[in-house]
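# Structural features, examined
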Amino acid sequence: MVGLVLVSHCRALSEAAAYLARRVSSNRALPIAAAGGVGEGRAELGADAMDIMESIESVYSDDGVLVLMDMGSALLSAKTAIEFLEKEQAECISLCSAPLVEGAVSAAAQISIGASLEVVRQEAIAALSPKQSDLGDVVAGQVESTAEDEGAYVSYTFVSRLKNGLHARPASMFASAAASFASVIRVRNISRNKGPESARSVNKLALLGILLGDEVEVRISGDDAEQALGAIRKLVEDNFGEPPAALKADANVRDKLLSLAPGIAMGRLYREGAVASCPKTAISDVDAEIRRFDSAVAHVKMELEAREASLVQDGHADEAGIFNAQKLILMDGDLIDEVKKAISTEKACAAYFYQQKMNKLALEYRKLPGDYLPQRAADINDVSSRVLAVLAGQGGAESGNSGDLILAAREAQPSMIVRFENRIRGILSETGGATSHAAILARTLGIPGISGYHLDESVENGTLVIIDGKNCSVTIDPDARTQADFKKKIAGWEEKKRRDFEDSKKDAVTTDGVKIYVRANVGEKQDAKRSAEFNAEGIGLLRTEFLFLSRPNVPDEETQTAILKEILAFFRNAPVAIRTLDIGGDKPLAWLDQEKEENPFLGVRGIRLCQREIQLFIGQLRAILRAGEGFTIKIMAPMISTVEEILFCKKTLANVHADLEREGVAHAWPVPFGIMVETPAAAIMADKLAAASDFFSIGSNDLSQYIMAAERGNIALSELANARQPAVLRAIKMTADAARKAGIPISVCGEMAGDPLLSQILAGMGITDLSMNPSAIGGVKRAIAGISRKEAEEKACRCLNCATFDEVMDVFGNYGASQS
């Protein structure tokens, strides 16, 4: 085994470096010696040749000795020390220019796996390369490694659970395991598109930059590939001897990326160009310019109407409302008049004035509070870009592009998605949230999307791109093997969807016969249709905001009644829980005059708004009761905190019933009335609220953010605003106990209900009614069918006894993290 001598002017430093090298290599018996210092106890700064010679002799073997020095006289003393050695020994000593600390760690890792002196030396010299790569330092003569043709191989993919990433110690363990086999072993960081690199080199492993949550692929080729795969799999499953760190399961982000829609897609890049600034160009014919402007507006109006009609024809009537809303922006009479007046007054081109007006309007929207309205600025920019393109005489931006496309834009907009019809396979957007119209449309059409991704300017249109919307990974210009791998993943994704659909046809019954009712969360007619197709046992949450948010004016009672009837028709023989208007926070109404609030999430929201806008509330209750006639419905109110709010709702509902009865209008009655438990006050007062309610439904999304005081839309707080937090789980258990004691039903309709592992925990708390996104139904039914009531109760008990988020995640283990 190669020996290692570390020389420093400071003896304490060389001893500390030796200690670090042994610890990182996980082999404290490595032949490493520390030299340096002069005077009594080697306490003074300096280097002594005799001390260095003795250190070399203490670790010497015929395999050789590598000597690392810090600077100056340490090198001179080391050279002198070699002169004191026998010739045969001196020929086996290698003085190395590698950095003392990093070089020691890299050298020790290679020594521990039996590498030769030359390999140890080269690894030590390259020890700074990971740091240089990360910081962008350029080193003359440094070249990137290339992967040789591996031929046939076996592969293994895993997600890193290392809290501090693949740092020196686990990298050393990885390299040691790889060196035990003859096979070629290469590692690739899929998430960051780095590699593949040799698994035998600690430095090359470090260059991959593998962090917590990164997806990593290992490829092995050779006669002992299967044995090597088993050894590396065991190393990963043991998490390199470290406690597995919790993944930020609900954030759906990698670094600062945000998932707009899940799924895997591959296609050619189409970069949607940003609209250039329009110069203020003088004109000679004002009337002609105004006619040109009118013509451009009329042209875009026809485009929007055609897209709206196309979506309606395909069964996406609610998404079609996006383009109706854009048409209203386009046809704003005041704005059009202002542009025409500016053309006449200043005798300059329409494009300049129109762009100025629309940019100002978009900026005003971005300054609005909350999350929903600021994202409407994207619709203003979309309309503006279309009008400006017509004024500039540009044809469709999509011309000349064929085949599967990955759309890249500064901010993805609905018209971009629709314009490419069936060719768009994925979306990369620099900005934009999950509640933007583009994101809503992408999810509806099943198009994977990622926001927050800044595409390098050097990437040209037509470049092949692969995106994973759920894991927020992007691969640019993948090689043939990577393409083949992703095609398998896409096929696997399709197979999972097929399996989920087949499992959705089965009942969710535990192995010992406990039935769990699996229902769907619905936000519009198309959701209801999909829910019925996925065999939902009713609707556990029918959101009614969609009736109000995309309209320029309040919808009348007849409109609300007709649309609700269309949704209820999908579930004539199953129960439907209708939530009254949950407006405020990140969902303000454009047509309702609401005072600006410093914190709208803690302001006039949900039932508080309904108390203030009583006629709006009454109109909605009338529509719900009328639509519910002949169906099994129940009504629940959001954001309840007090008994007084429940009494207000029940009294208002009774009065609405009396009015309809007096008018002779057919309607549903009696109708159970319950509440959404989503505030800390509701959980704490659950026993008192239960006495005044017919049922509870836990909204885990809001309950999590309010209990943890962490906004659920803030990516940086995703681990806090998480239903797996012990405080949230205890609040749910407390609420479930209160409901059971009062003898009223309880359900969960937040995102956690659709998580297979969390659904087992909820079942273990005695909650037998879960409501979720339709596509999650099959997976939850499968999870429930794979556990007994006793096992679910034991899991729930373990979670409820946890003190930290990490402890809860440990209950789930790797499988739990992968299912989130």
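Owing to the predicted nature of the structure, the values given are computational and were not obtained by experimental measurement.

Next up on the list: the pairing of strand β12 (residues 424-431). Across 6 bridges, the pairing between strand β11 (residues 405-411) and β12 is parallel. Residue Ala408 lies in a different strand from β12, and its bridge partner there is Leu428. As defined by bridge partners, β12 adjoins strand β13 (residues 449-451) across 3 bridges and the pair is classed as parallel. Note on β13: the bridge partner recorded for Ser429 is Ser451.

Contact geometry for helix α23 (residues 614-627) and helix α24 (residues 643-663): axes closest at 10 Å, N-to-C directions at 60°. Taken together, the axes of α23 and α24 are oblique relative to one another. As α23 runs across α24, the sense of the crossing is right-handed. Between α23 and α24, the residues in contact are Ile614, Phe617, Ile618, Leu621, Arg622, Leu625 and Arg626 and Phe648, Cys649, Thr652, Leu653, Val656, His657, Asp659, Leu660 and Glu663, respectively. Counted by class, the contact of α23 with α24 contains 10 nonpolar, 2 polar and 4 charged residues.

Before going further, it helps to spend a moment on the sheet that holds strand β14 (residues 464-468). Sheet strands associate in pairs through backbone hydrogen bonding, adopting either a parallel or an antiparallel arrangement. Overall, mixed pairing links the 7 strands, which are arranged β9-β13-β12-β11-β10-β14-β15 in an open sheet. Lying at the two open borders of the sheet, with one neighbouring strand each, are β9 (258-261) and β15 (473-476). Between one strand axis and the next, the sheet turns by 30° as a mean value, whatever way the strands run. Bridge analysis of β9 against β13 gives 3 bridges, and the strand direction is antiparallel. The residue of β13 that forms the bridge with Ser259 is Ile450.

Next up on the list: a nonpolar patch on the surface. A surface patch of nonpolar side chains, about 210 Å² in accessible area, is lined by Leu13, Leu20 and Val101. By the element assignment, Val101 lies in helix α5 (residues 100-112). By relative accessible area, Val101 is classed as partly exposed at 34%.

Conventions adopted
- Residues numbered from 1 in each chain as written.
- Predicted model: local features only at pLDDT ≥ 70, side-chain atom pairs only at ≥ 80, totals over all residues.
- Heavy atoms only, no water.
- Pairing = 2+ DSSP bridges.
- Helix = DSSP H or I, 4+ residues; strand = E, 2+ residues; numbered from the N terminus.
- Axes fitted to C-alpha atoms, helices over the stretch in contact; angles between N-to-C directions.
- Parallel < 35°, antiparallel > 145°, perpendicular 65-115°, else oblique.
- Left-handed = near helix turned anticlockwise from the far one by under 90°.
- Contact = heavy atoms within 4.5 Å.
- Nonpolar A, V, L, I, M, F, W, Y, C, P; charged D, E, K, R; others polar.
- Patch = residues over 30% accessible without salt bridge, like charges linked within 9 Å, V, L, I, M, F, W, Y side chains within 5 Å.
- Areas by Shrake-Rupley, 256 points an atom, 1.4 Å probe, with all protein chains shown as cover.
- Salt bridge = Lys/Arg side-chain N within 4 Å of Asp/Glu carboxyl O.
- Buried < 20%, exposed > 50% of the residue type's maximum accessible area, 1.4 Å probe, protein only.

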